[in-house]
Amino acid sequence: MYTKQDLINYRIEKAIDAHKDAEILFNHKSYQSCANRLYYALYYIISAHLIKLNFEPKLHAGIKILFHKELIKT
């Protein structure tokens, strides 16, 4: 069974990997794909932070809603 911290660490690793991919794509002037990877890097790191705050959104839209409600509005 995975712990909450395992899931947080997994999401952080995914964010780091997506960011590294974005750097490679940027260096190859593939800007649209770079932006996509940066979006997902942010998505994964926000997801990790929400899990740390004891939220467990299951859907992409849920992460966006919680991000706005819990981190932007406050």
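Because the structure is a prediction, the values reported are computed rather than measured.

Student: Residue-level account of the environment of I51, with values.
Tutor: Structurally, I51 can be placed in helix α2 (residues 31-52). Separated by 11 residues in sequence, I51 and Y40 have C-alpha atoms that sit 16 Å apart. Sequence-distant contacts of I51, defined by excluding residues within four places in its chain, comprise K4, L7, I8 and R11.

Student: Go over a nonpolar patch on the surface with me, naming the residues and quoting the values.
Tutor: On the surface, a nonpolar cluster with roughly 320 Å² of combined accessible area is contributed by I12, I16, L42 and I45. Taken together, the elements giving at least two residues each to the nonpolar patch come down to α1 (4-27) and α2. For L42, the position within the fold is in helix α2.

Student: Describe in detail the confidence of the model for the protein, supporting the description with residues and values.
Tutor: Confidence along the protein averages 94 in pLDDT terms, with 100% of residues attaining 70 or more. Looking across the protein, the model is least confident in helix α3 (residues 60-72), with a mean pLDDT of 88, and most confident in α1, with 97.

Student: Break down the packing of α2 against α3 for me, with residues and values.
Tutor: Where α2 meets α3, the closest approach of the two axes is 10 Å, and the angle between their N-to-C directions is 65 degrees. Between α2 and α3, the angle is such that the two are roughly perpendicular. Both α2 and α3 take part in a crossing whose hand is left-handed. Contact with α2, carried on its side by Y39, Y40, Y43, I46, S47, H49 and L50, involves H60, I63, K64, L66, F67 and L71 of α3 and no other residues of that element. Class assignment for the residues of the contact of α2 with α3 results in 9 nonpolar, 3 polar and 1 charged.

Student: Explain the nonpolar core to me, using residue names and the numbers behind them.
Tutor: Nonpolar side chains tend toward joint burial in soluble globular proteins. In this structure, A15, Y43, Y44, I46, L50, I63 and L66 together form the largest nonpolar core, which totals 7 residues. Only α2 and α3 provide two or more residues apiece to this core. For this core, the leading source of residues is α2, giving 4 residues. Those residues in contact with L66, other than ones at most four positions away along the chain, are L50, F55, P57 and L71.

So, how was this worked out
Residues numbered from 1 in each chain as written. Predicted model: local features only at pLDDT ≥ 70, side-chain atom pairs only at ≥ 80, totals over all residues. Heavy atoms only, no water. Helix = DSSP H or I, 4+ residues; strand = E, 2+ residues; numbered from the N terminus. Contact = heavy atoms within 4.5 Å. Patch = residues over 30% accessible without salt bridge, like charges linked within 9 Å, V, L, I, M, F, W, Y side chains within 5 Å. Areas by Shrake-Rupley, 256 points an atom, 1.4 Å probe, with all protein chains shown as cover. Salt bridge = Lys/Arg side-chain N within 4 Å of Asp/Glu carboxyl O. pLDDT = per-residue confidence, 0-100. Axes fitted to C-alpha atoms, helices over the stretch in contact; angles between N-to-C directions. Parallel < 35°, antiparallel > 145°, perpendicular 65-115°, else oblique. Left-handed = near helix turned anticlockwise from the far one by under 90°. Nonpolar A, V, L, I, M, F, W, Y, C, P; charged D, E, K, R; others polar. Core = buried A, V, L, I, M, F, W, Y, C linked by side-chain atoms within 4.5 Å. Buried < 20%, exposed > 50% of the residue type's maximum accessible area, 1.4 Å probe, protein only.

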